[in-house]
Amino acid sequence: AQGQAVIQTAGLTKRFGDRVAIAPLDFQVPGGCAFGLLGPNGAGKTTLIRMVLGLIPATSGEITLLGHQMPASRAAALAGVGAIVEEPRFHPYLTGRENLRVAAAVRNRGANGRIDAVLGRVGLSDRADDKAGSYSLGMRQRLGIGRCLLSDPRLLILDEPMNGLDPAGIQEMRGMIRSLVDEGRSVMISSHLLDEVEKTCDALAIIDRGELIAAGTMSEIASGTNDVLVGSDDP
Ligand code: ATP
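We now turn to the structure provided with this report. (Residues numbered from 1 in each chain as written. Predicted model: local features only at pLDDT ≥ 70, side-chain atom pairs only at ≥ 80, totals over all residues. Heavy atoms only, no water.)

As for the nonpolar core
(1) Moving on: Within the largest apolar cluster, 40 residues are counted, with the highest numbers of intra-cluster contacts made by Ile145, Leu150, Leu156, Leu158, Ile177 and Val187.
(2) Moving on: Secondary-structure elements contributing two or more residues to this core are strand E3 (34-38), helix H3 (96-107), helix H4 (115-121), helix H5 (137-149), strand E7 (155-158), helix H6 (167-182) and strand E8 (186-191).
(3) Moving on: Those residues in contact with Ile177, other than ones at most four positions away along the chain, are Ala34, Leu158, Pro161, Met162, Val187, Ile189 and Thr200. (Core = buried A, V, L, I, M, F, W, Y, C linked by side-chain atoms within 4.5 Å. Buried < 20%, exposed > 50% of the residue type's maximum accessible area, 1.4 Å probe, protein only. Helix = DSSP H or I, 4+ residues; strand = E, 2+ residues; numbered from the N terminus. Contact = heavy atoms within 4.5 Å.)

Here you go:
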């Protein structure tokens, strides 16, 4: 059984001048699962994610994030969210552990005692004392997730987390995402590759040119009963 929706949009649109990036979009991300936002380059995935996080304003429509209206209740909503919307950056001359210490000092001092646990959680215990500048892209992505975990988010939103990773890195990222779900978090990833989403996610939404094409589990979409999850929380 899926939990309550962690992200919900109603009539959401985004225009850049004359260009329609998101057409009226009603969709929802069920809680307690790994959810894939699938679409080709330019489909509007990044635009949608940025609006959901309140990084750019919507042209019209409504967004509910973890039950909070966006952007009005932005602070309350974002308290439960960890997001990676671009390649995470770190101080290259500081170690992985030191980078997390800095992040904890800046954002969340209570997390200082959990840094070793977080490093273990993202599979970086053995590289924690190496400089972040020596990390591969996959390791930087995982350290980025570790930085998110310092605030113990209920929901992680990752824009193209597997982009540019080699097959081993993709495998690690997939395992990472699955284990985040196993410990009770919700995860939404975006991807332009069906294969990545199919192997990683429990459910997905397909968007193209800012429009929702289908949503549900892969088998629901394949069998055409693809509106099962969309609107399932409606009264
Ligand atoms: P990609 O994986 O290539 O980032 P995407 O699915 O994330 O693709 P978006 O980046 O959200 O797609 O772009 C959706 C559409 O909105 C595209 O047509 C893009 O050109 C347009 N767009 C995005 N940002 C802007 C902007 N700041 N100004 C004008 N047009 C934009």
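With respect to the layout of surface pockets
(1) Moving on: The space that makes up the largest pocket amounts to roughly 440 Å³.
(2) Moving on: Lining of the largest pocket is provided by 19 residues; of these, Gly82, Ala83, Ile84, Arg107 and Cys148 occupy positions nearest its centre.
(3) Moving on: Among the elements of the structure, helix H2 (74-78), strand E6 (81-84) and H5 are those that each provide at least two residues to the lining of the largest pocket.
(4) Moving on: Among the residues making up the lining of the largest pocket, the classes are represented as 10 nonpolar, 4 polar and 5 charged. (1 Å grid on protein atoms, 1.4 Å probe; cavity = no way out; pocket = protein on both sides within 12 Å on 5 of 7 lines; lining within 4 Å. Points joined across faces, edges and corners; volume = space filled by probe spheres on them. Nonpolar A, V, L, I, M, F, W, Y, C, P; charged D, E, K, R; others polar.)

Topic: unusual backbone geometry
Most peptide bonds adopt trans geometry, and most residues besides glycine take a negative phi value.
(1) Moving on: A cis amide bond links Met70 to the next residue, Pro71, at an omega of -5°.
(2) Moving on: In this fold, Pro71 is placed in the loop between strand E5 (68-70) and H2.
(3) Moving on: One non-glycine residue, Arg209, lies in positive phi territory at about 50°.
(4) Moving on: Among the structural elements, Arg209 can be located in the loop between strand E9 (203-208) and strand E10 (211-216).

A short note on the state of the cysteines
(1) Moving on: Tallied over the entire structure, the rule returns 0 disulfides.
(2) Moving on: The thiol sulfur of Cys148 is not disulfide-bonded, and the nearest other cysteine sulfur, from Cys201, lies at 17 Å.
(3) Moving on: The thiol sulfur of Cys201 is not disulfide-bonded, and the nearest other cysteine sulfur, from Cys33, lies at 8.0 Å. (Disulfide = S-S within 2.5 Å.)

A closer look at the pairing of E10
The two faces of the sheet receive side chains in turn, since in a regular strand these alternate between them.
(1) Moving on: By the bridge criterion, 5 bridges tie E9 to E10 in an arrangement that is antiparallel. The residue bridging Ile206 from the neighbouring strand is Ala214, located in E10.
(2) Moving on: The hairpin formed by E9 and E10 contains 2 residues between the paired strands, and Arg209 there has a positive phi angle of roughly 50°. (Pairing = 2+ DSSP bridges.)

With respect to the side chain of Lys14
(1) Moving on: Of note, Lys14 is situated in strand E1 (residues 5-16).
(2) Moving on: Within the buried set, Lys14 has no salt-bridge partner at all; the shortest N-O distance to an opposite charge, 13 Å, is to Asp18.
(3) Moving on: Within the structure, Lys14 has its side chain in polar contact with the backbone oxygen of Pro57 (distance 2.6 Å).
(4) Moving on: When near neighbours in sequence (up to four residues on either side) are disregarded, Lys14 contacts Arg19, Val20, Ala21, Ile22, Thr47, Met51, Ile56, Pro57, Ala58 and Thr59. (Lys, Arg positive; Asp, Glu negative; His and termini not counted. Salt bridge = Lys/Arg side-chain N within 4 Å of Asp/Glu carboxyl O. Polar contact = N/O pair within 3.5 Å; in protein donor to acceptor, adjacent residues only side chain to side chain.)

Details of the packing of H5 against H6
To characterise two packed helices, one gives the angle between the axes of the helices and the distance between these axes.
(1) Moving on: The N-to-C vectors of H5 and H6 enclose an angle of 15°; their axes lie 11 Å apart at closest approach. Taken together, the axes of H5 and H6 are roughly parallel relative to one another. Crossing geometry of H5 relative to H6 is assigned as right-handed. Residues Gln141, Arg142, Ile145 and Leu149 of H5 form the contact with H6, whose participating residues are Glu172, Met173, Met176 and Leu180. (Axes fitted to C-alpha atoms, helices over the stretch in contact; angles between N-to-C directions. Parallel < 35°, antiparallel > 145°, perpendicular 65-115°, else oblique. Left-handed = near helix turned anticlockwise from the far one by under 90°.)

Re the sheet that holds E1
(1) Moving on: Reading across the sheet, the 4 strands line up as E2-E1-E4-E5 and stay open at both edges, with antiparallel pairing between neighbours. What marks the edges here is a single partner per strand, and that holds for strand E2 (19-30) and E5. On average, each strand axis in the sheet is inclined to that of its neighbour by 20°, with strand direction left out of account.
(2) Moving on: In terms of strand pairing, E1 meets E2 through 8 bridges, oriented antiparallel. Note that in E2 the partner of Lys14 across the bridge is Ile22.

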